[in-house]
Amino acid sequence: MATEWLDLPTPPALPGLLLRAATRRGITGKVLPHRGLRCPVSVDTRHLARYRQLCGFTDDARLPATYPHVLAFSLQMKLLTEPEFPFALLGLVHLENRIRVVRQLAGLGPFTLSVEASNLAPHDKGAVFSVITRLEDQLGLLWEGDSRLLCRGVKLDGPTVGRSESVSLPMDDLDHWQAPGNIGRHYARVSGDYNPIHLSALSAKPFGFPRAIAHGLWNKARALAALQAHLPASGYSVEVRFQKPVLLPATLRMRASLPAAEGQFDVLGTEDVAHMAGCWQVI
């Protein structure tokens, strides 16, 4: 069924959406709505500078490849907290994230952002679906993101879809960094993502974590900042799979294969605990 688009004049305000997300519980259905959301957006240079600093990106006159997710966060929140959306936002697990940089992310806008949910499928722990985010300018598609989310407790008919594993490439240490205990709060201020599992041990414990955990998209952004010299200006995709959560504070080590049209990387913690595995491909 074709997506029905709702056009908004500006990105929605976050405070009411955060309250709606915090108070909603339960599963109300097994069908994703066919409505997507769109709105115009422009980049605030001060906000962009804070994001670059927090995630380790240098200023190369382009938007960081992960930055459109931050631009789209309030639009994504509105989509996932609409009354007709069947799954409560709190408790969803971000399993995978894939971005495509179709053309150079140059300029500050105005752009058009769009978000929609699709690809609902059975999973051995519940059900998975995609939040598809697109950034466009007057010439068309610039960037696309696919966040794959798990909702536990949903039973769908049909076979589960397995992952196809690639042949592992040799990787060497590329970078390392500290994830301080307050990185979740700092990233929340920049991204708008105030999920309690990222803010403090006190707010994370009701969700089963002994301490706050780092945002998955901060981990990916920090890794892509380290990969800037490996990636072209445009025409590539980067996919990551989130593994063990990063309990804060943490010391992280990143490995990567040699620069090439295709490559792999990962982020490891203490005793080589695997936190994230990823790959890139020139398209």
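Residues numbered from 1 in each chain as written. Predicted model: local features only at pLDDT ≥ 70, side-chain atom pairs only at ≥ 80, totals over all residues. Heavy atoms only, no water.

In the nomenclature of an unreviewed UniProt entry, the protein is known as MaoC like domain-containing protein of Phytopseudomonas argentinensis.

Counting its regular elements, the protein contains 7 helices and 11 strands. Computed over its C-alpha atoms, the radius of gyration of the protein comes to 18 Å, within 12% of the 19 Å expected for a compact globule of 283 residues. Considered along the principal axes of its C-alpha atoms, the protein spans approximately 45 × 45 × 40 Å. Out of the 283 residues belonging to the protein, those deemed buried represent 48%. Across the protein, the fraction of contacts at a sequence separation of at least 24, relative to all contacts at a separation of at least 6, is 73%. Taken as a whole, the protein presents about 13,700 Å² of accessible surface, with 55% of it coming from carbon and sulfur. Distance between charge centroids for the protein: 6 Å, based on 30 positive and 25 negative side chains. (Helix = DSSP H or I, 4+ residues; strand = E, 2+ residues; numbered from the N terminus. Rg over C-alpha atoms; globule rule 2.2 N^0.38 Å. Buried < 20%, exposed > 50% of the residue type's maximum accessible area, 1.4 Å probe, protein only. Contact = heavy atoms within 4.5 Å. Areas by Shrake-Rupley, 256 points an atom, 1.4 Å probe, with all protein chains shown as cover. Lys, Arg positive; Asp, Glu negative; His and termini not counted. Charge placed at Lys NZ, Arg CZ, Asp CG, Glu CD.)

On inspection of all chains with the given rule, the structure shows 16 salt bridges. For R255, the salt bridge is made with D266, and the minimal N-O distance between the two is 2.5 Å. With R255 in strand β9 (residues 250–256) and D266 in strand β10 (residues 262–268), this pair connects stretches of sequence that are 11 residues apart. The exposure class of D266 is buried, given its relative accessible area of 8%. One network of salt bridges, with partners in common, ties together R20, R35, K78, E82 and E84. (Salt bridge = Lys/Arg side-chain N within 4 Å of Asp/Glu carboxyl O.)

Let's shift gears to the packing of helix α1 (residues 14–23) against helix α4 (residues 73–80). Direction vectors running N to C along α1 and α4 enclose 40°, while the axes themselves pass 10 Å from each other. When the interaxial angle is binned, α1 and α4 end up oblique. Seen from above, α1 lies across α4 with left-handed handedness. Contacts from L14, L17, L18 and A21 of α1 reach α4 at F73, S74, M77 and K78. (Axes fitted to C-alpha atoms, helices over the stretch in contact; angles between N-to-C directions. Parallel < 35°, antiparallel > 145°, perpendicular 65-115°, else oblique. Left-handed = near helix turned anticlockwise from the far one by under 90°.)

What follows concerns the packing of helix α2 (residues 45–55) against helix α7 (residues 216–226). Where α2 contacts α7, the axes come no closer than 9 Å and their chain directions differ by 80°. By the angle between their axes, α2 is roughly perpendicular relative to α7. Taken together, the residues of α7 that come into contact with α2 (itself represented by Y51, L54 and C55) are W218, A221, R222 and A225. Across the contact of α2 with α7, the residue classes break down as 6 nonpolar, no polar and 1 charged. (Nonpolar A, V, L, I, M, F, W, Y, C, P; charged D, E, K, R; others polar.)

In this section: the nonpolar core. Core analysis: the largest hydrophobic core is formed by 74 residues, its most contacted members being Y51, F129, W218 and F265. Among the elements that take part in this core, α7 stands out by supplying 7 residues, more than any other. The two domains that each donate at least three residues to this core are domain 1 (1–163) and domain 2 (165–282). Leaving out residues up to four positions away in the same chain, W218 has contacts with L54, C55, W177, Q178, A179, I183, Y187 and L252. (Core = buried A, V, L, I, M, F, W, Y, C linked by side-chain atoms within 4.5 Å. Domains from an automatic or database assignment.)

Bringing the packing of aromatic side chains into the picture now. Counted under the stated rule, the structure contains 6 aromatic pairs. Between the aromatic rings of Y51 and F57, the centroid separation amounts to 6.2 Å while the plane-to-plane angle is 15°, which identifies the pairing as stacked. A residue is classified by how much of its surface remains accessible, and Y51, at 0% relative accessible area, is buried. A relative accessible area of 8% means that F57 is categorised as buried. Here a set of aromatic residues connected by ring pairs shows up, and it is made of Y51, F57 and Y67. (Phe/Tyr/Trp six-rings, centres within 6.5 Å; stacked < 30°, edge-to-face > 60°.)

Another aspect to go through is the sheet that holds strand β7 (residues 172–179). With mixed pairing, the 11 strands of this open sheet are ordered in space as β1-β2-β4-β5-β6-β3-β8-β11-β10-β9-β7. If you trace the sheet from one side to the other, it starts and ends with β1 (4–7) and β7, each paired once. Taken over all neighbouring pairs, the strand axes of this sheet differ in orientation by 20° on average, direction set aside. Of the pairings in the sheet, the one linking β10 to strand β11 (residues 274–282) comprises 7 bridges and is antiparallel in character. (Pairing = 2+ DSSP bridges.)

A separate point is empty space enclosed by the protein. With a probe scaled to a water molecule rolled over the atoms, the places where space remains empty come into view. Taken as a whole, this structure holds 2 cavities of 30 Å³ or more when the rule is applied. Taken as a whole, the largest cavity encloses approximately 180 Å³ of empty space. Contributing to the lining of the largest cavity are 15 residues, with D60, R62, A65, Q228 and Y236 lying nearest its centre. Three or more residues apiece are contributed to the lining of the largest cavity by two domains, here domain 1 (1–163) and domain 2 (165–282). Its volume calculated, the second largest cavity comes out at about 30 Å³. (1 Å grid on protein atoms, 1.4 Å probe; cavity = no way out; pocket = protein on both sides within 12 Å on 5 of 7 lines; lining within 4 Å. Points joined across faces, edges and corners; volume = space filled by probe spheres on them.)

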